[in-house]
Amino acid sequence: MAKIFNTAGACFSDVHYMVDITERLQVIESMVCQGDYFTINRGRQYGKTTTLAALADFLSCDYQIISLDFQLLSRADYANEASFVSAFSREILIASASLEIPDGNKKKLELYARNKSHGDGLPELFALLSDWCRQSAKPIVLMVDEVDEASNNEVFLDFLSQLRGYYIHRRVRPTFQSVILTGVYDIKNLKRKFVSESEHQINSPWNIAVNFSMNMDFSSVQIAAMLQEYEKNYYTGMDISVISEMIYDYTSGYPVLVSAICKIIDEQLAGTDRFPIKTDAWTVAGVNEAVRQLMRQPIPLFDSMIKQILQYSELKEMLMRILFEGDKLTFNQYNSALSLGMMFGYIKNTDNQVAVANRIFEMQLYNYFLSEEDMSSQTFREAQNDKNQFLKNGRLDMDLLIRKFVIHFCNVYGDNDQKFIEKYGRKLFLLYLKPVINGTGNYYVEAQTRDSKRTDIVVDYRGEQFVIETKLWYGNKYQENGERQLCGYLDRFHLQKGYLVTFSFKKDKVIGVEEKMVDGKVLVEAVV
């Protein structure tokens, strides 16, 4: 059977195209060898389950592996200590079917699993597990996936306390060689949901855990290696270096996004009128089209993002400040909004500065935040009404769009003060752009240029690219620097024409659009 790109559940190398994670497994193996207890906290669909499944095989020669999944436990299993012990025993017996459990321990686990009303609790269960660890010929490693499912109950805290107690006294009470928990929420945030406000983020029973800081993103080199395996099967002739770099530029290596783009190209684009064969689909145009389609799909990852933004107002406010106001936030792990963003995988720490984790997340966030204002925004409605003017023979007339935006902005917002323009000017331009390209084109904002002074917007419409720089007026010298920067940016995209929209606060400014040559490039410059 031919391999496929997988976006649902764990990946297995014999049936799925996947990157080689051997180096990752070797690093984790060294932590297990050291006897570390730790939690792998990453965003949704970040490869946690895949990593655990591969790790279990990787360690099986030297360790006995108990691999559990807490999402298989029901709400009733957390009702009280006896119910949890019964469910935990049941899952251990299932997961350890191929392992050697001493007869006495196995019989007791079977008793616990059958009887939810037995008198024994967590202390007795852990005494049993300790005896098993003492008798085992190989060290035992406990892996628990989806610990998020244990949130909002006290029993799980007691479970962690037992793990902690045995870890501390492991010289006299044999215990697991290593314990690995995985989930989105870290233990502090699980605890924060059900302890008193005075104990929100302190005294965690999991403070024995070492930090797990491994980068689990895919590199462009790893993506290329995966595509090389695909190419051996289909001989598409794709430029693997270009395609892998492009996929990385969009995803920053977020595992499920990488797989999703590849899956759309392979299964949905190839064979269509625009991309008749796989050779046509595995191109720059194919990647852009796959991204456009991905952005329109209600995938679980995007659903979770919106849910969490709605749930945590401080996270939403921070993301809006980064995206629309160009705030350069210094990373601080104790800031609650930053901590949430990092935990969910929506932001990253880049040289101690906070940035949105990848371009696709940025695009999705822009679309969502702008959609909140779509129907109430006069700018959006105006562009929607003018949309057909900008589309000629399947091409986008960006020159006309810029001119129309200048007229609209000056008519509606021209009398607003500097503070309003600094905060909302570029947001209004995006609101004007969005309904024109929506459903057919993509746009994104270059993170390295998004600040309080300038922002570069890249638009892809049916394979044709446009670069628009929006900036605030800070004098003639700064304006000239902006022109040169834009020209350099056009070189990167192999373009001869670019657009510059300047929001000026000068009382004697000349509103309008002019075209000029700078460093051999045609710049269409608008002043509002």
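The shown structure was predicted, so the numbers you read here are calculated from the model rather than taken from an experiment.

1. Concerning the overall build of the protein chain
So, step 1. Across its full length, the protein chain holds 20 helices and 14 strands.
So, step 2. Oriented by its inertia axes, the alpha-carbon framework of the protein chain measures out at about 85 × 60 × 35 Å.
So, step 3. When the 528 residues of the protein chain are sorted by exposure, 54% land in the buried category.
So, step 4. Contacts in the protein chain between residues at least 24 apart in sequence constitute 70% of all its contacts with a sequence separation of at least 6.
So, step 5. Just so you have it, the protein chain exposes about 23,800 Å², and 47% of that area is on carbon and sulfur atoms.
So, step 6. Computed over 59 positive and 68 negative side-chain charges, the inter-centroid distance for the protein chain is 3 Å.

2. Here's the deal with helix α15 (residues 336–344)
So, step 1. Taken residue by residue, α15 has Ala 337, Leu 338, Leu 340, Gly 341, Met 343 and Phe 344 as its buried positions.
So, step 2. Sitting at the amino-terminal end of α15 is Asn 335, which places a side-chain oxygen 3.0 Å from the backbone nitrogen of Ala 337.
So, step 3. Gly 345 lies just past α15 and shows a positive phi near 85 degrees.

3. Notes on the layout of surface pockets
So, step 1. In this structure, the second largest pocket spans a volume of roughly 490 Å³.
So, step 2. Every residue lining the second largest pocket is counted, 26 residues in all, and those nearest its centre are Gly 9, Gln 45, Tyr 46, Gly 47 and Lys 48.
So, step 3. Contributing elements (two or more residues each) for the lining of the second largest pocket: α2 (48–59) and α10 (255–269).
So, step 4. Considered class by class, the residues forming the lining of the second largest pocket number twelve nonpolar, ten polar and four charged.

4. Quick notes on the nonpolar core
So, step 1. One finds Ile 180, Ile 261, Phe 361, Leu 396, Met 398 and Val 459 to be the most contacted residues of the largest nonpolar core, which totals 134 residues.
So, step 2. Excluding residues that lie within four positions of it along the chain, Phe 361 makes contacts with Tyr 254, Leu 257, Leu 301, Phe 302, Met 305, Gly 345, Tyr 346 and Val 356.
So, step 3. Counting residues in each nonpolar core, the second largest holds 40 residues, with Val 85, Ile 92, Leu 109 and Tyr 112 among its members.

5. Side note on the sheet that holds strand β2 (residues 64–69)
So, step 1. If you trace the four strands from one edge of the open sheet to the other, you get β1-β4-β3-β2, paired in parallel fashion. Both edges of this open sheet fall to β1 (37–41) and β2, since each of them pairs with a single strand only. Within the sheet, the average angular offset between the axes of one strand and its neighbour, ignoring direction, is 15 degrees.
So, step 2. Note: β2 against strand β3 (residues 140–145), six bridges, orientation parallel. When the sheet's bridge partners are listed, Ile 66 is paired in β3 with Leu 142.
So, step 3. Lying over the sheet, helix α3 (residues 81–95) contacts β2 and β3, oriented at roughly 130 degrees with respect to β2.

6. Section: the pattern of salt bridges
Opposite charge on two side chains permits them to pair, given that their charged atoms come into close proximity.
So, step 1. Taken as a whole and judged by the stated rule, the model has 16 salt bridges.
So, step 2. We note a salt bridge from Glu 267 to Lys 263, for which the minimum N-O separation is 3.0 Å. With Glu 267 and Lys 263 both in helix α10 and four residues apart, the pair spans about one turn of that helix.
So, step 3. With relative accessibility at 41%, the residue Glu 267 sits in the partly exposed group.
So, step 4. The salt bridge involving Lys 278 is made with Asp 266; its shortest N-O contact spans 2.6 Å. Residue Lys 278 is found in helix α11 (residues 278–281), and its partner Asp 266 is found in helix α10; the two are separated by twelve residues along the sequence.
So, step 5. Note on Lys 278: relative accessible area 23%, which makes it partly exposed.

7. Brief notes about the state of the cysteines
So, step 1. The tally for this structure, following the rule as stated, stands at zero disulfides.
So, step 2. Free cysteine Cys 33: the closest other cysteine sulfur is in Cys 61, separated by 15 Å.
So, step 3. Free cysteine: Cys 262, not disulfide-bonded; nearest cysteine sulfur from Cys 11 at 11 Å.
So, step 4. Judged by its relative accessible area of 0%, Cys 262 is buried.

8. Some points on the side chain of Asn 442
So, step 1. Relative to the assigned elements, Asn 442 resides in strand β9 (residues 441–445).
So, step 2. Within polar-contact distance, the side chain of Asn 442 engages the backbone oxygen of Asn 288 at 3.0 Å.

9. Regarding the sheet that holds strand β13 (residues 512–518)
So, step 1. Here we have six strands laid out as an open sheet, ordered β9-β10-β11-β12-β14-β13, and mixed in their pairing. Either end of the sheet is taken by a strand with one partner, and the two such strands are β9 and β13. Shown here is a sheet whose adjacent strand axes are inclined to one another by a mean of 20 degrees, direction ignored.
So, step 2. The pairing of β13 with strand β14 (residues 521–527) spans seven bridges and is classified as antiparallel.

10. A few points about the packing of helix α18 (residues 398–413) against helix α19 (residues 418–437)
So, step 1. Here α18 crosses α19 at 135 degrees, and the two axes come no closer than 11 Å. Comparing their axes, α19 and α18 come out oblique. By crossing handedness, the relation of α18 to α19 is classed as right-handed. Seen from α18, the contacting residues are Met 398, Leu 401, Ile 402, Lys 404, Phe 405, His 408, Phe 409 and Tyr 413; seen from α19, they are Phe 420, Ile 421, Gly 425, Leu 428, Phe 429, Tyr 432, Leu 433 and Val 436.

11. Here's the deal with the pairing of strand β11 (residues 464–472)
So, step 1. With respect to burial, β11 is a largely interior element, seven of its nine residues being buried.
So, step 2. Alignment of strand β10 (residues 454–461) against β11, held across eight bridges, turns out to be antiparallel. In the sheet register, Asp 460 faces β11, and the bridge partner there is Gln 465.
So, step 3. Linkage of β10 to β11, two consecutive antiparallel strands, is achieved through a turn of two residues, within which Arg 462 is found at a positive phi near 50 degrees.

Thresholds applied
- Residues numbered from 1 in each chain as written.
- Predicted model: local features only at pLDDT ≥ 70, side-chain atom pairs only at ≥ 80, totals over all residues.
- Heavy atoms only, no water.
- Helix = DSSP H or I, 4+ residues; strand = E, 2+ residues; numbered from the N terminus.
- Buried < 20%, exposed > 50% of the residue type's maximum accessible area, 1.4 Å probe, protein only.
- Contact = heavy atoms within 4.5 Å.
- Areas by Shrake-Rupley, 256 points an atom, 1.4 Å probe, with all protein chains shown as cover.
- Lys, Arg positive; Asp, Glu negative; His and termini not counted.
- Charge placed at Lys NZ, Arg CZ, Asp CG, Glu CD.
- Polar contact = N/O pair within 3.5 Å; in protein donor to acceptor, adjacent residues only side chain to side chain.
- 1 Å grid on protein atoms, 1.4 Å probe; cavity = no way out; pocket = protein on both sides within 12 Å on 5 of 7 lines; lining within 4 Å.
- Points joined across faces, edges and corners; volume = space filled by probe spheres on them.
- Nonpolar A, V, L, I, M, F, W, Y, C, P; charged D, E, K, R; others polar.
- Core = buried A, V, L, I, M, F, W, Y, C linked by side-chain atoms within 4.5 Å.
- Pairing = 2+ DSSP bridges.
- Axes fitted to C-alpha atoms, helices over the stretch in contact; angles between N-to-C directions.
- Salt bridge = Lys/Arg side-chain N within 4 Å of Asp/Glu carboxyl O.
- Disulfide = S-S within 2.5 Å.
- Parallel < 35°, antiparallel > 145°, perpendicular 65-115°, else oblique.
- Left-handed = near helix turned anticlockwise from the far one by under 90°.

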